[in-house]
Amino acid sequence: MAELLVEVESVTKTYRLGGRLARKPPTVAVGGVSVAIAAGESVGVVGESGSGKSTLAGIICGLVRPDSGSVRVAGREVYARRGLDRTIWRTVQMVFQDPYTSLNPAMTVAEIVAEPSRLWHGMDRREADRRALELLDRVGLSAGAAQSRPDSLSGGQRQRASIARALAVSPSLVVLDESVSALDVSVQAQILQLLLDLRRENDLAYMLISHDISVIRLVCDRILVMNGGEVVEELLSAGLTEEAARHPYTRRLLSAVPTMAVDRQG
Ligand SMILES: Nc1ncnc2c1ncn2[C@@H]1O[C@H](COP(=O)(O)OP(=O)(O)OP(=O)(O)O)[C@@H](O)[C@H]1O
Ligand SMILES: [Mg+2]
């Protein structure tokens, strides 16, 4: 058994809109979820919109403090009572659904991607720049795009820049929240290949959130199915058939796979 990188135990996150006096009932975004991720593991998360995928991802990445439960990353309690353990961001990085706000608009893409190497890994400027260009090349961004600022790039280019920035930290786990879904098929394949390569080369673990279960089956060994804030099912990708799934939502997803595969080629 590989060493456990992430240990999430019975986490709950409830949102109350409009304060305690509001008539609206609180939303249980995540209700009592436990997940463990080992070093070098590949985990997929599927579930309907609003099922709690992004909230769970935020909890795992040290961005959303749960109301109860515990999160340990590399053996350290992330949400300690006296405050957040910020060292988590050396180990776990998240790539957001909408990367617009996570890229500093005043910097070029190359500077953004070089920054973690300088600040966190003590590289000098030349070394950090070289590493940034290498990472940008691996996500398929040209030297021209590297010298641009985020707001002059397309959404897909920005998405790739934020993936490169997350990888520049050399995390042990990267969580990608719908980060590849909107990319062109060939670019998507390149990013997925990069994840597979980094997993083999560096023992990188990744968690991929996607509506597209066919993508997840391609690059993830294990699949968590979320529904109503809970993990309702856990499946292995290998040899997965519609019959293996117990939950009706999972069965629907799996029965829709051939159509999606055709769509992706069209
Ligand atoms: N910051 C917030 N404030 C209030 N409610 C929130 C907040 N974040 C999430 N929620 C609610 O919590 C529930 C779970 O949301 P979450 O974003 O985790 O779902 P999701 O599975 O990522 O959905 P999607 O597939 O649409 O991205 C939803 O009902 C959502 O409206
Ligand atoms: Mg989401």
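Residues numbered from 1 in each chain as written. Chains lettered and ligands numbered in written order. Predicted model: local features only at pLDDT ≥ 70, side-chain atom pairs only at ≥ 80, totals over all residues. Heavy atoms only, no water.

Turning to the site of ligand 1, a few remarks are in order. Around ligand 1, 14 residues are found, and the nearest of them are Ser49, Gly50, Lys53, Ser54 and Thr55. Between ligand 1 and Gly50, the relevant distance is 2.8 Å, taken from an oxygen atom to a main-chain nitrogen or oxygen of the residue. Thr55 has a polar side-chain atom sitting 2.6 Å from an oxygen atom of ligand 1. Summarising the interface, the protein chains cover 65% of the accessible area of ligand 1, which totals 630 Å² for the free molecule. Those elements that place two or more of their residues in the shell around ligand 1 are β2 (27-38) and α1 (53-60). Here the shell around ligand 1 gets three residues from one element, more than from any other, and that element is α1. Of the residues contributing to the shell around ligand 1, the split by class is three nonpolar, nine polar and two charged. (Near = heavy atom within 4 Å. Polar contact = N/O pair within 3.5 Å; in protein donor to acceptor, adjacent residues only side chain to side chain. Areas by Shrake-Rupley, 256 points an atom, 1.4 Å probe, with all protein chains shown as cover. Helix = DSSP H or I, 4+ residues; strand = E, 2+ residues; numbered from the N terminus. Nonpolar A, V, L, I, M, F, W, Y, C, P; charged D, E, K, R; others polar.)

Strand pairing in a sheet relies on backbone hydrogen bonds. The paired strands run either parallel or antiparallel. Spatially, β2-β1-β4-β5 is the arrangement adopted by the four strands of the open sheet, whose pairing is antiparallel. Looking at strand neighbours, the two that pair on one side only are β2 and β5 (76-77), the edges of this open sheet. Bridge analysis of strand β4 (residues 68-73) against β5 gives two bridges, and the strand direction is antiparallel. Looking at β5, one finds that Val73 is bridged to Arg76. Lying over the sheet, α1 contacts β1 (4-15), β2 and β4, oriented at roughly 125 degrees with respect to β1. (Pairing = 2+ DSSP bridges. Contact = heavy atoms within 4.5 Å. Axes fitted to C-alpha atoms, helices over the stretch in contact; angles between N-to-C directions.)

Two cysteines joined by a covalent bond between their sulfur atoms form a disulfide. In this structure the tally under the stated criterion is zero disulfides. Free cysteine: Cys61, not disulfide-bonded; nearest cysteine sulfur from Cys220 at 14 Å. Of the residues examined, Cys220 reaches a relative accessible area of 1% and is grouped as buried. (Disulfide = S-S within 2.5 Å. Buried < 20%, exposed > 50% of the residue type's maximum accessible area, 1.4 Å probe, protein only.)

What follows concerns the pairing of strand β10 (residues 205-209). With respect to burial, β10 is a largely interior element, five of its five residues being buried. Every second residue of β10 is oriented toward a common face, with Ala205, Met207 and Ile209 on one face and Tyr206 and Leu208 on the other, all of them buried. Pairing analysis gives four bridges linking strand β3 (residues 42-47) to β10, with the strands arranged parallel. Bridged to Val45 within β10 is Ile209. After leaving strand β9 (residues 173-177), the chain enters helix α7 (residues 185-202) and then returns to the sheet as β10, a path that is right-handed. (Right-handed = clockwise from strand over helix to strand, strands pointing away.)

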